[in-house]
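Report on the structure
Each chain, letter by letter, is given below.
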Amino acid sequence: MLKLRNVVVSAHSPWRLTGSGRTPRVLWCAIIASLALLGLDVAFAVLLDLRSARVATDLVSTAAQFAAAAACFWTARRVRGAERRWRVLVGLTAAGAMLASLSIAPTLLAGDLPHRQGMSPAYAVFLSFYGVALAGLLSLPTDPVDSRAGSAGRRWYGAHRWHAITLLDCLLIAGSLVLLQWGTVLAPLVQTGPGLRPFRFALTHQGAGLILATAVVLIACFRRPRAPATLALLGTGLLAYGLTTNVMAYVAAEYGFHLPPWGLIGFALAFLLVFLAAFVPVPTPTPPEGPAPPSPRAMWAHAALPYAALTAAGLLILGKLTTGARLDRFETYGMITLLVLALLRQMVTLAENTRLLAEIRERERQLHHQAFHDPLTGLANRTLFTRRLQRALIQGTDSDTTHTPAVTSGEDTVSVLFLDLDGFKKVNDTFGHAAGDELLQISADRLRAETRAIDTVARLGGDEFGVILDGGGPDDPRRIGERLATAIQAPCLLAGRPYTPRASLGLVTLDSTSTSTRPATPDILIHQADLAMYTAKRAQTGGLVIYQPDPSTPTTITN
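Residues numbered from 1 in each chain as written. Predicted model: local features only at pLDDT ≥ 70, side-chain atom pairs only at ≥ 80, totals over all residues. Heavy atoms only, no water.

As a packed pair, helix α13 (residues 382–395) and helix α17 (residues 522–539) sit with axes 9 Å apart at the nearest point and diverge in direction by 105 degrees. By the angle between their directions, the pair α13 and α17 is classed as roughly perpendicular. Contacts from Phe385, Thr386, Leu389, Gln390 and Leu393 of α13 reach α17 at Pro522, Leu525 and Ile526. (Axes fitted to C-alpha atoms, helices over the stretch in contact; angles between N-to-C directions. Helix = DSSP H or I, 4+ residues; strand = E, 2+ residues; numbered from the N terminus. Parallel < 35°, antiparallel > 145°, perpendicular 65-115°, else oblique. Contact = heavy atoms within 4.5 Å.)

Before going further, it helps to examine helix α15 (residues 433–449). Taking 1.5 Å of rise per residue, 17 residues should cover 24 Å, and α15 covers 24 Å from first to last C-alpha, within 8% of that figure. For α15, the full list of buried residues reads Ala435, Gly436, Leu439, Leu440, Ile442, Ser443, Ala444, Arg446 and Leu447. (Expected span 1.5 Å × (residues − 1). Buried < 20%, exposed > 50% of the residue type's maximum accessible area, 1.4 Å probe, protein only.)

Along strand β8 (residues 502–510), seven of the nine residues are buried, which leaves the element largely enclosed by surrounding structure. The pairing of strand β3 (residues 414–422) with β8 spans nine bridges and is classified as antiparallel. From the neighbouring strand, Leu417 faces β8, where its bridge partner is Leu507. Judged from the three bridges that link them, β8 and strand β9 (residues 544–546) form a sheet pairing that is parallel. Along β9, the bridge assignment pairs Gly506 with Val545. (Pairing = 2+ DSSP bridges.)

Of all six residues making up strand β4 (residues 456–461), five are buried, and the element is well covered by its neighbours. By the bridge criterion, five bridges tie β4 to strand β5 (residues 464–470) in an arrangement that is antiparallel. Opposite Thr456, over in β5, you have Ile468 as the bridge partner.

With that settled, the discussion passes to the side chain of Thr166. Note that Thr166 resides in helix α7 (residues 152–192). Not counting chain neighbours up to four residues away, the residues in contact with Thr166 comprise Leu138 and Leu218.

What follows covers the environment of Glu438. Considering the arrangement of structural elements, one finds Glu438 in helix α15. Residues Glu438 and Leu494 lie 56 residues apart in sequence; the distance between their C-alpha atoms is 7.2 Å. Setting aside its immediate chain neighbours within four residues, Glu438 contacts Leu493, Leu494 and Ala495.

Before going further, it helps to examine the packing of aromatic side chains. What the rule picks out here adds up to seven aromatic pairs. On the numbers, 5.0 Å between centres and 45 degrees between planes, the contact of Tyr241 with Phe267 is tilted. Of this pair, Tyr241 sits in helix α9 (residues 228–255) while Phe267 sits in helix α10 (residues 261–277), and the two are 26 residues apart along the sequence. For the residue pair Tyr241 and Phe267, the accessibility class agrees, reading buried in each case. (Phe/Tyr/Trp six-rings, centres within 6.5 Å; stacked < 30°, edge-to-face > 60°.)

The next point concerns the confidence of the model for the protein. Across the protein, the average pLDDT comes to 81, with 79% of residues at 70 or higher. For residues 147–153, every residue scores under 50 in pLDDT, and the model assigns this stretch four contacts once sequence neighbours within four places are set aside. Contacts from residues 398–410, a stretch scored under 50 in pLDDT, to residues over four places away or in other chains number 23 contacts. (pLDDT = per-residue confidence, 0-100.)

Another point: the pattern of salt bridges. On inspection of all chains with the given rule, the structure shows 16 salt bridges. A salt bridge links Asp169 to Arg345, with the shortest nitrogen-to-oxygen separation between them at 2.6 Å. Of this pair, Asp169 sits in helix α7 while Arg345 sits in helix α12 (residues 329–372), placing them 176 residues apart in sequence. Judged by relative accessible area, Asp169 falls into the buried class, the value being 1%. Among the salt bridges present, the one from Asp445 reaches Arg448, with a minimum N-O distance of 3.0 Å. Here the residue Asp445 and the residue Arg448 both occupy positions in helix α15, the gap between them amounting to three residues, near one helical turn. The class of Asp445 is partly exposed, set by a relative accessible area of 45%. Among the residues examined, Arg448 registers a relative accessible area of 36% and is labelled partly exposed. (Salt bridge = Lys/Arg side-chain N within 4 Å of Asp/Glu carboxyl O.)

The first and last C-alpha atoms of α12 sit 65 Å apart over 44 residues, in line with the 64 Å expected at 1.5 Å per residue. For α12, the set of buried residues is Glu331, Met335, Leu338, Leu341, Ala342, Arg345, Glu352, Glu359 and Phe372. The N-terminus of α12 is capped by Asp328, whose side-chain oxygen sits 3.2 Å from the backbone nitrogen of Phe330. (Polar contact = N/O pair within 3.5 Å; in protein donor to acceptor, adjacent residues only side chain to side chain.)

With that settled, the discussion passes to the nonpolar core. If you look at soluble globular proteins, the nonpolar side chains tend to sit buried side by side. Counting residues in each nonpolar core, the largest one holds 67 residues, and the members touching the most others are Leu137, Phe199, Leu234, Phe271, Phe275 and Phe279. Taken together, the elements giving at least two residues each to this core come down to α2 (25–47), α3 (50–76), α4 (82–109), α6 (129–139), α7, α8 (197–222), α9 and α10. The element best represented in this core is α8, accounting for twelve residues. The residues touching Phe275, leaving out its near neighbours within four places in the chain, are Ala30, Ser34, Ala67, Ala68 and Ala71. Listed in part, the 28 residues of the second largest apolar core include Leu379, Val467, Leu469 and Ile546. (Core = buried A, V, L, I, M, F, W, Y, C linked by side-chain atoms within 4.5 Å.)

The subject of this paragraph is the environment of Asp523. Checked against the element boundaries, Asp523 lands in helix α17. Residue Asp523 is classed as exposed on the basis of its relative accessible area, which comes to 54%. Once the C-alpha coordinates of Asp523 and Thr386 are considered, the two residues, 137 residues apart in sequence, prove to be 7.8 Å apart.

Okay, here's the thing in structure tokens:
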């Protein structure tokens, strides 16, 4: 049975599309077929007369488009996600191009040229497939150069933001290039040529083809393809298509209704490359390794490229206006459209910068919180506890005399409570560290519930907690300490079992009666509370001990 399974796998391995470290046999067959078809196309264009060459090269282009559509649809059945999406979209584009090529075949067989009597319905429909091809190109699985891990929502937003920015950049760059070519070369050719009517159709193809070519360049320069060979073949094919449509615009401007056979060779080459791209094996997905962020030069190039093309077109228009030349309708409306696109691009950039600023501020807030809070309990950590205690001491300083802290009223009372859980190590050994963490969280919640908003509760480390009782109020510090001692030692469920925590508490209070002995630093105050806590721990009564200046006479309150 195992041998039979190995035979089946080996029989199908030459045709599978997943990465296996070697080129599948179907790709080699596709390469050989593409070279043969391209060679046949070149031979028809060179050896046959003009009329026969037009018909033959059109049929070869139709065959290439059919092959590309069939390959995309056939391989789309064997992949998922973005790999399927781009194949379906590009396959639809190839199918639309095939219908357009078939629609002009009867005209070429009759010895006439297409579009002499107007644009055919098939070609009019095919213009919409430029958008489908662009969507397929943008669907190609790529990662940003500065990819960062994030939530699914953030990745979804990042992908759609990149699509919007790339579309605007393509429109800006391609529109600027068309306007530059029109203002320098194409307009004089159309004025001296056979007329504007055949050129309009070619100009539409030129603009759409340049948009595809620009998208290829932007993706190749500023994205990381997951399958570089796929992007190389598909991108080169669409780039060849865009450049061919650009050249055909010059032919239409100078010669009007003219279809050179070599022009159809460019279209055949484009779809043969798409045909090969569909058979490139899909690489096995691997987790990103966190590549280094892009260099500032690359970031500046990405940001400046659309505006550089727009600036060149603007300088051309400005130069004509300076010399007193009159702008035609194409230049006027074209420049206005480009300025509107640039404004939209700036609005998208402004929205992105605002979002990034909000993210930076949120991250700063999170980092600040992490720096001063305990990750397990959410309480303040020792650093924040010390800072707040220092601030409480400074607020009681008499700045008119000396910098020694001095308390003058009940509202200036500062008390520090030090708490240590008894038998915490035994809890970890008996119930496990998860139960120990649960006990710490229960203790933190009880301390937080029994203190006021102006007080500070902190986890100082391990099973030690500290509380700053800042200011006066209806409850004196000793009463609050009693309440905390009672609350912290109430029975609870720990790891699903009944458990009664035990704790030792030490309290030190500074008020108007202890100004002469008031510590100058928070460390001394914490140390005194710690001494009182250890007095309670030695008594093993689970109670509260109030620190006295004379260590031999502590005040002990048991619970």
